[in-house]
Amino acid sequence: MNIAIIGFGNVGKALAYGWQKAGHTIRIGARDPEDQKYNEAKRTGLEVLETARAVNISEVILVAIPASAVSHFAQALPGVKDKIFIDATNSVFMKDKEFPTAADAIRKITGAEHVVKGFNTTGFENMKDPIYKGKGIDMFMAGDSRKGKETMEKLSKDLGFENCYDFGGDNKFELIEQFAMAWINLAIMQGQGRDIAFKVLKR
Ligand SMILES: NC(=O)c1ccc[n+]([C@@H]2O[C@H](COP(=O)([O-])OP(=O)(O)OC[C@H]3O[C@@H](n4cnc5c(N)ncnc54)[C@H](OP(=O)(O)O)[C@@H]3O)[C@@H](O)[C@H]2O)c1
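Residues numbered from 1 in each chain as written. Predicted model: local features only at pLDDT ≥ 70, side-chain atom pairs only at ≥ 80, totals over all residues. Heavy atoms only, no water.

(A) Broad picture of the environment of Arg 31. Within the secondary structure, Arg 31 is located in the loop between β2 (25–30) and α2 (39–43). In this structure, the C-alpha to C-alpha distance between Arg 31 and Leu 186, residues 155 residues apart in sequence, is 34 Å. Leaving out residues up to four positions away in the same chain, Arg 31 has contacts with Glu 50 and Thr 51. (Helix = DSSP H or I, 4+ residues; strand = E, 2+ residues; numbered from the N terminus. Contact = heavy atoms within 4.5 Å.)

Pasting the structure below:
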């Protein structure tokens, strides 16, 4: 798949390199593609382009910037109705003034029909390496778009997650952010550490 990564920080890097390893074509959408911080990415074969250009030529757009910056990002994107957006952001600490989640902002501002929320419920270390004791941990997603969720499921399994559970439609965007908050609470506030993960067990 052709995937644009918006936000090349902890989450963006973990997903970009993981998907590159799995054989996908990765382009980083950057505010300044010539910035030296992208040198290492370029050396490993990742293409770094202006954000709008990267979005324009990609079928999947992974959003991993602060949630409060997503409205501004979305305003600069015409003609993206059929593209798949995966919103990995959490608004719990940095909320947009107008929209409850970044996924809502992308839906409303761009008119995109395939917006799915995922890769927000666990730490970036688990996205880099989702294998615990030889078994993949689970990923979770929400959104109305079937096509978006099929893509999200495939891309999470390409990284090594065992399952990608469906939380439901767009009306579960806020719930899946609360679920992320449960991980943050356990890992950071309650001191369990970031090497913890959620897995659904079935009898
Ligand atoms: N860290 C985690 O474990 C984790 C897990 C799940 C979800 N998330 C969510 O994922 C998102 C990214 O987290 P992160 O830890 O990867 O953050 P990070 O390491 O701070 O990286 C953020 C990236 O966003 C870019 N950025 C910042 N402000 C921007 C703006 N106004 N417009 C465009 N790009 C901007 C930064 O570029 P510059 O370097 O140029 O500033 C950087 O590449 C957040 O919404 C977070 O809530 C994080």
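(B) Geometry of the site of the ligand. Around the ligand, the surrounding shell holds 22 residues, and the nearest of these are Asn 10, Val 11, Lys 37, Ile 65 and Phe 124. Measuring from an oxygen atom of the ligand, one finds a backbone N or O atom of Val 11 at 2.9 Å. In the model, an oxygen atom of the ligand is placed 2.9 Å from a nitrogen or oxygen of the Arg 194 side chain. In isolation the ligand offers 900 Å² of accessible surface; the protein chains occlude 67% of this area. Among the cavities detected, the one that contains the ligand is the largest pocket. (Near = heavy atom within 4 Å. Polar contact = N/O pair within 3.5 Å; in protein donor to acceptor, adjacent residues only side chain to side chain. Areas by Shrake-Rupley, 256 points an atom, 1.4 Å probe, with all protein chains shown as cover. 1 Å grid on protein atoms, 1.4 Å probe; cavity = no way out; pocket = protein on both sides within 12 Å on 5 of 7 lines; lining within 4 Å. Sits in = over half its atoms within 2 Å of the grid points.)

(C) Geometry of the nonpolar core. Counting residues in hydrophobic clusters, the biggest one holds 31 residues, and the most contacted among them are Ile 5, Phe 8, Trp 19, Leu 62, Ile 86, Phe 119 and Met 152. Elements with a minimum of two residues in this core: β1 (2–6), α1 (10–21), β2, β4 (60–63), β5 (84–87), β9 (138–142) and α7 (146–159). (Core = buried A, V, L, I, M, F, W, Y, C linked by side-chain atoms within 4.5 Å. Buried < 20%, exposed > 50% of the residue type's maximum accessible area, 1.4 Å probe, protein only.)

(D) Broad picture of the layout of surface pockets. One number sums up the size of the largest pocket: a volume of about 1,100 Å³. Together, 44 residues line the largest pocket, and Gly 7, Ala 64, Ile 65, Pro 66 and Thr 89 are the ones closest to its centre. Secondary-structure elements contributing two or more residues to the lining of the largest pocket are α1, β2, α3 (51–56), α4 (70–75), α6 (124–128) and α8 (173–189). It is α8 that contributes the most residues to the lining of the largest pocket, four residues altogether. Its residues placed into classes, the lining of the largest pocket shows 25 nonpolar, 13 polar and six charged. Approximately 150 Å³ is the volume attributed to the second largest pocket. Lining the second largest pocket are Lys 13, Ala 14, Tyr 17, Gly 18, Lys 21, Ala 22, Lys 128, Asp 158 and Leu 159. At the level of secondary structure, the elements contributing two or more residues to the lining of the second largest pocket comprise α1 and α7. (Points joined across faces, edges and corners; volume = space filled by probe spheres on them. Nonpolar A, V, L, I, M, F, W, Y, C, P; charged D, E, K, R; others polar.)

(E) Inspection of the pattern of salt bridges at higher detail. By the definition in use, this model includes 13 salt bridges. Put simply, Glu 162 and Lys 135 hold a salt bridge, and the shortest N to O gap is 3.2 Å. One end of the pair, Glu 162, is in the loop between α7 and β10 (163–166); the other, Lys 135, is in strand β8 (residues 135–136), with 27 residues separating them in the sequence. By relative accessible area, which is 31% here, Glu 162 ends up partly exposed. Residues participating in the shared-partner salt-bridge network are Lys 135, Asp 138, Glu 162 and Lys 199. (Salt bridge = Lys/Arg side-chain N within 4 Å of Asp/Glu carboxyl O.)

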